[in-house]
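Okay, here's what each chain looks like letter by letter:
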Amino acid sequence: MLALGLAPAPAAAEPTATSDTPLALTPPMGWNNWAHYMCDIDEAKVVANADALVASGLAAKGYDTVTVDDCWMTRSRDADGNLVVDTEKFPHGMAWLGEYLHAKGLKFGIYQDAGSLTCEKYPGSGSPDGGGPDHYARDARLFASWKVDYVKMDGCNLWVPPGKTKEQAYRDAYNAVARALRDSGRPMVLSASAPAYFQQGEWGSADWHKVIDWVGETGQLWREGKDIKVYSPAAPAASRWSSVLGNYGYNRWLGRYAGPGNWNDPDFLIAGAPGLTDAESRSQVALWAMMAAPFILSSDVSALTPGGLAALGNTDLIALDQDPMGRQGAVVSANATFEVLARPLANGDRAVAVLNRSAATRDISVPLADIGLYGCTVTAKDLWSGGRTEVAANLTGRLAGHDTAVWRLTPHEGCGDAVPTGQITGDGVKCADGANTTGVGAVVLAGCTAAADQRWVVAPDATLRLAGQCLAAGADGLVELARCAPRQPGQRWTHRRDGALVSAAYRLCLTAPAPPATADAPAERLRLADCGDHRVDQAWSLPV
Ligand code: GAL
């Protein structure tokens with residue numbers, strides 16, 4: 001297997017260079033107004049939240065980038081073509097705000113849009129509809145003059161010129177944005193929203209995967225999907241839990257694209273804000289940390305619940321999120337009740353989380369072998385309680401409804417390397433399943449169950465093993481489980497960055513069957529087919 005997206009982190013350097021300055025080597029952290037205030041922002045609110053980040057101790061723990069989202073400007077540019085700050089909302093202007101934040105040891109982020117208008121219809125940086133000059137360079141220079149450190153570049157209202165596909169138009173626009181930021185002379189982190197404009201459902205489309213594949217060439221992080229549900233003052237108690245699960249849902253399969261300087265962004269942390277219980281707040285922090293997601297709060301920081309604040313400020317969880325290896329955790333197993341994730345860490349530790357999707361308190365027990373640690377004793381630190389236990393067989397605990405347990409496992413001396421173990425997830429969020437439902441050795445695509453016949457091992461010899469047998473490319477175009485003979489190229493697989501599992505023997509791609517005609521039709525077998533361009537039925541999410 002190729003380990004992808006894992007180039008060693010360059011040594012930390014002073015941000016003096018402009019084109020090769022390493023940015024966001026760990027996931028960005030901070031605050032943004034959008035999910036709590038939306039357009040109802042002003043200088044006082046931004047300053048109050050910046051002050052609260054400092055007073056709460058969160059800033060010192062890394063939450064340092066304060067970003068002003070949409071609606072900070074007036075509806076038109078000035079006579080020179082520059083954006084104009086709305087001085088009713090921001091009486092001292094943006095350079096002042098940047099200075100204020102920098103004096104507090106914070107960084108300054110700002111929102112703009114790569115299309116002609118922002119999502120709230122303020123002037124964007126892109127070409128007008130129908131064509132014409134863009135303002136990428138001008139706006140980047142303005143942001144640099146305000147000492148902006150981080151630009152959230154949204155993708156509403158982006159004009160698609162005739163003769164270009166939407167995907168090409170977004171690619172050209174975001175390349176132009178990145179060039180303009182570089183040419184401004186000031187290192188600024190680019191949060192790119194391009195993929196979010198291509199999302200369809202949880203597994204997505206070929207275009208969505210294509211955009212996620214290129215967006216990291218220029219952006220350090222990218223929103224790839226739906227917004228987290230915003231706070232509604234009219235319905236403050238409305239639950240936002242399903243929105244957390246929804247964003248977790250689409251982000252969890254995309255780990256192959258993450259690494260130092262490149263982060264999948266499932267949107268803001270609303271832990272501790274109205275709409276989540278303490279358990280749900282813990283879950284969001286734990287799941288986001290397992291996924292190396294940006295830790296960007298979007299709430300009224302001074303009004304965070306004590307439980308939410310404790311979760312957000314938990315330094316073990318922050319260290320997990322910020323692990324320098326930057327490897328996004330992956331799903332080991334998922335079913336309607338539990339979800340298990342694992343994440344390798346820079347110092348050889350392994351993090352494990354268990355989400356209880358149900359509303360009931362449940363006992364949990366995760367065999368170490370299920371998460372890739374065989375015949376090994378580990379010291380398990382429960383990152384919520386801080387308690388340590390020696391574990392030789394199963395991680396156990398009791399978990400409240402909607403809560404997430406998270407441990408950091410330190411293998412004892414003599415433990416071998418952990419072996420990526422867990423479900424292989426494909427088209428429609430279904431699982432490669434070795435149950436003998438349609439013939440001896442058959443591998444089908446079935447609903448994910450967390451059962452043993454979906455527990456694959458991604459072995460160091462490039463085989464994919466299930467219950468001691470190897471996934472083998474058969475000459476008939478189907479794949480099957482066979483006695484392992486790793487020298488046979490028909491049993492070796494390469495996992496490409498686009499998610500394709502390529503057979504070393506045939507140069508063909510593992511392909512999911514067409515969805516069954518009816519819900520109760522028997523699951524169909526996986527097969528080999530010519531490798532296409534980011535085909536969704538050829539993208540696979542593997543355990544790490
Ligand atoms: C959305 C974006 C939100 C917020 C909003 C502002 O497209 O996802 O996070 O920035 O635009 O209008």
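Residues numbered from 1 in each chain as written. Predicted model: local features only at pLDDT ≥ 70, side-chain atom pairs only at ≥ 80, totals over all residues. Heavy atoms only, no water.

Note the cut-off: UniProt positions are given in the numbering used here, feature names are shortened, and annotations may be inferred rather than shown by experiment.
Labelled according to an unreviewed UniProt entry, the protein appears under the name Alpha-galactosidase, originating from Streptomyces globosus. Under Catalytic activity (unreviewed entry), UniProt gives the following word-for-word description of the protein: "Hydrolysis of terminal, non-reducing alpha-D-galactose residues in alpha-D-galactosides, including galactose oligosaccharides, galactomannans and galactolipids."

1. A short note on the overall build of the protein
Here is the rule we go by: Strands are runs of DSSP state E lasting at least two residues, helices are runs of H or I lasting at least four, and both sets are numbered from the N terminus onward. For a compact globule the rule gives 2.2 Å times the number of residues to the power 0.38, and the radius of gyration it is set against comes from C-alpha atoms. Exposed residues in this analysis have more than 50% of their type's maximum accessible area, buried residues have under 20%, and partly exposed residues fall in between, with area computed by a 1.4 Å probe over protein chains only.
Looking only at helices and strands, the protein has ten helices and 28 strands in total. Computed over its C-alpha atoms, the radius of gyration of the protein comes to 24 Å, within 12% of the 24 Å expected for a compact globule of 544 residues. Viewed in the frame of its principal axes, the protein has a C-alpha envelope of about 75 × 55 × 45 Å. A total of 544 residues make up the protein; the buried ones form 56% of that total.

2. Looking at the sheet that holds strand β22 (residues 464–466)
The cut-off we apply is this: Paired strands, as defined in this entry, are two strands with at least two bridges between them according to DSSP.
Here five strands make up an open sheet; going across it, the order is β17-β21-β22-β23-β24 and the pairing antiparallel. The two strands at the open ends of the sheet, each matched to only one other strand, are β17 (421–422) and β24 (479–483).

3. Examining the environment of cysteine 484
Threshold: Residue contacts follow a heavy-atom distance rule, with two residues in contact if any of their heavy atoms lie within 4.5 Å.
Relative to the helices and strands, cysteine 484 resides in the loop between β24 and β25 (493–495). Taking the relative accessible area as the measure of exposure, cysteine 484 reaches 19% and is therefore buried. Along the backbone, cysteine 484 and glutamine 469 are 15 residues apart, and their C-alpha atoms lie at a distance of 5.5 Å. Excluding its chain neighbours within four sequence positions, the residues that come into contact with cysteine 484 are Arg465, Gly468, Gln469, Cys470 and Gln491.

4. Focus: the pairing of strand β9 (residues 330–334)
In terms of burial, β9 is largely enclosed, as five of its five residues are buried. Where β9 lies against strand β10 (residues 338–344), four bridges are found, and the strand directions are antiparallel. When the bridges of β10 are listed, alanine 330 appears paired with alanine 342. The turn linking β9 back onto β10 is made up of three residues.

5. Some thoughts on the state of the cysteines
Short version of the rule: Disulfides are defined as cysteine sulfur pairs within 2.5 Å.
Considering all chains together, one arrives at six disulfides under this definition. For cysteine 39, the disulfide goes to cysteine 71, at an S-S distance of 1.8 Å. Taken together, the residues span a long stretch of sequence, with cysteine 39 in the loop between α1 (34–37) and α2 (43–55) and cysteine 71 in the loop between β2 (65–68) and α3 (93–103) at a distance of 32 residues. Judged by its relative accessible area of 25%, cysteine 39 is partly exposed. Within the protein, bonded cysteines paired by disulfides and numbered along the sequence follow the pattern 1-2, 3-4, 5-6, 7-8, 9-10, 11-12.

6. Notes on the confidence of the model for the protein
This is how it is decided: Residue-level confidence of the predictor is summarised by pLDDT, bounded by 0 at the bottom and 100 at the top.
Mean pLDDT over the protein: 94, with 95% of residues reaching 70 or higher. Low pLDDT (under 50) marks residues 1–18, which in the prediction has 29 contacts with non-local residues, meaning those over four places away or in another chain.

7. Here's the deal with the side chain of lysine 89
Stated formally: Only four residue types enter the tally: Lys and Arg on the positive side, Asp and Glu on the negative side, with His and both chain ends excluded. Whenever Lys or Arg places a side-chain nitrogen within 4 Å of a carboxyl oxygen from Asp or Glu, that contact is recorded as a salt bridge.
Tracing the backbone through its elements, the reader meets lysine 89 in the loop between β2 and α3. An unpaired buried charge is present at lysine 89: no salt bridge exists, and aspartate 86, the closest side chain of opposite charge, is 4.1 Å distant. Setting aside residues no more than four positions away along its own chain, lysine 89 makes contact with Cys39, Ile41, Asp42, Glu43, Cys71 and Tyr122.

8. Focus on the nonpolar core
Put simply, the test is: Grouping buried Ala, Val, Leu, Ile, Met, Phe, Trp, Tyr and Cys residues that are joined through side-chain atoms within 4.5 Å yields what is termed a nonpolar core. What marks off one domain from the next here is an automatic or database domain assignment.
Core analysis: the largest hydrophobic core is formed by 113 residues, its most contacted members being Tyr63, Trp72, Met94 and Trp288. Looking at which element gives the most residues to this core, the answer is helix α5 (residues 166–183), with nine residues. Each of domain 1 (30–321) and domain 2 (330–411) gives at least three residues to this core. What tryptophan 72 contacts, discounting residues up to four positions off in sequence, is Ile41, Leu83, Val85, Asp86, Phe90, Met94, Ile110, Tyr111, Phe143 and Trp146.

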